[in-house]
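Here is what each chain is made of, one letter per residue.
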Amino acid sequence: MKIEELENPPQWLLDADTVFANVEIIDGIVHWNGGIWKGGVWHNGVWKDGTWKNGVWYDGIWESGDWENGVWNEGIWYKGTWLNGYWIDGLWKDGYWFNGFWYGGKWEKGYKWERRKPKLVQSDTPPTNNKQEEQ
């Protein structure tokens, strides 16, 4: 459903810059089913799929999709592709990490881009911010 078709959407969702948004509100929680998030501030919802271009994430559940850039503050990442951005805190369950800055949180498992041998490698340790170490 389009954002403008929702009944009583939260203001943060109305303020966001989006394209082709497919959203539902279930038990008062925003469920993003697809589309492109170009910018804005996310507040505690469920991201099912789609592309995150930029913005700030404040808590919620990420199930799948592509993260291109932005700041992650709290929440649970189940799977998907992280291309770039700042991870401040939260729980990383699994997925693909290509680039960005990891500042805190818990990394359970996933694949990280290893620059020494350009490939994704399975890892149970979070990404490092030390570019010297990675090269």
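Refer to the preceding data block for the structure.
The notes below deal with the structure included here. Computed from a predicted model, the values in this text were never measured in an experiment.

### Brief notes about the overall build of the protein chain
- Of regular secondary structure, the protein chain possesses two helices and 14 strands.
- Counting over 135 residues, the protein chain shows a buried share of 39%.
- Pairs at least 24 residues apart make up 5% of the contacts formed inside the protein chain by residues separated by at least 6 positions.
- For the protein chain, the accessible surface area stands at approximately 7,300 Å², while carbon and sulfur atoms represent 48% of it.

### Description of unusual backbone geometry
- Phi is positive for Asp-27, close to 50°, though the residue is something other than glycine.
- Mapping Asp-27 onto the fold places it in the loop between β1 (17–26) and β2 (29–39).
- The class of Asp-27 is exposed, set by a relative accessible area of 76%.
- Residues other than glycine seldom take positive phi values, yet Glu-74 does so here, at roughly 75°.
- Positionally, Glu-74 belongs in strand β7 (residues 71–77).

### Focus on a nonpolar patch on the surface
- A contiguous nonpolar patch, built from Tyr-86, Ile-88 and Tyr-103 and spanning about 300 Å² of accessible area, is present on the exposed surface.
- Structurally, Tyr-86 is set in strand β9 (residues 86–92).

### Some details on the environment of Leu-91
- With respect to the helices, strands and loops of the structure, Leu-91 is situated in strand β9.
- Sequence separation of Leu-91 and Lys-106 is 15 residues, and the distance between their C-alpha atoms is 4.9 Å.
- Here Leu-91 is in contact with Gly-75, Ile-76, Trp-77, Lys-106 and Glu-108, once residues within four sequence places are set aside.

### Concerning the pattern of salt bridges
- Under the defined criterion, the tally for this structure stands at five salt bridges.
- Here Lys-48 ties to Glu-63 by a salt bridge, and the two come within 3.3 Å at their closest N and O atoms. Residue Lys-48 is located in the loop between β3 (41–47) and β4 (51–52), and its partner Glu-63 is located in the loop between β5 (56–62) and β6 (66–67); the two are separated by 15 residues in the primary sequence.
- Notably, a salt bridge pairs Lys-53 with Glu-68, separated by 3.1 Å at the nearest N-O pair. On the criterion of sequence distance, the pair formed by Lys-53 in the loop between β4 and β5 and Glu-68 in the loop between β6 and β7 is long-range, its members being 15 residues apart.
- Judged by its relative accessible area of 29%, Glu-68 falls in the partly exposed class.
- Taken together, the shared-partner salt bridges connect Lys-93, Lys-106 and Glu-108 into one network.

### A look at the packing of aromatic side chains
- For the structure shown, the criterion picks out 38 aromatic pairs.
- Consider the rings of Trp-42 and Trp-57, whose centres lie 4.9 Å apart with planes at 10°: the pair is stacked. Pair noted here: Trp-42 is in strand β3 and Trp-57 is in strand β5, with a separation of 15 residues, a long-range link. Each member of the pair, Trp-42 together with Trp-57, is buried.

### Examining the nonpolar core
- Formed by 24 residues in total, the largest nonpolar core has its most connected members in Leu-13, Trp-32, Trp-37 and Trp-42.
- Among the secondary structure elements, those contributing two or more residues to this core are α1 (11–15), β1, β2, β3, β5, β7 and β9.
- Here this core takes three residues from β2, the largest share from any one element.

Each value, and the rule that gives it
- Residues numbered from 1 in each chain as written.
- Predicted model: local features only at pLDDT ≥ 70, side-chain atom pairs only at ≥ 80, totals over all residues.
- Heavy atoms only, no water.
- Helix = DSSP H or I, 4+ residues; strand = E, 2+ residues; numbered from the N terminus.
- Buried < 20%, exposed > 50% of the residue type's maximum accessible area, 1.4 Å probe, protein only.
- Contact = heavy atoms within 4.5 Å.
- Areas by Shrake-Rupley, 256 points an atom, 1.4 Å probe, with all protein chains shown as cover.
- Patch = residues over 30% accessible without salt bridge, like charges linked within 9 Å, V, L, I, M, F, W, Y side chains within 5 Å.
- Salt bridge = Lys/Arg side-chain N within 4 Å of Asp/Glu carboxyl O.
- Phe/Tyr/Trp six-rings, centres within 6.5 Å; stacked < 30°, edge-to-face > 60°.
- Core = buried A, V, L, I, M, F, W, Y, C linked by side-chain atoms within 4.5 Å.

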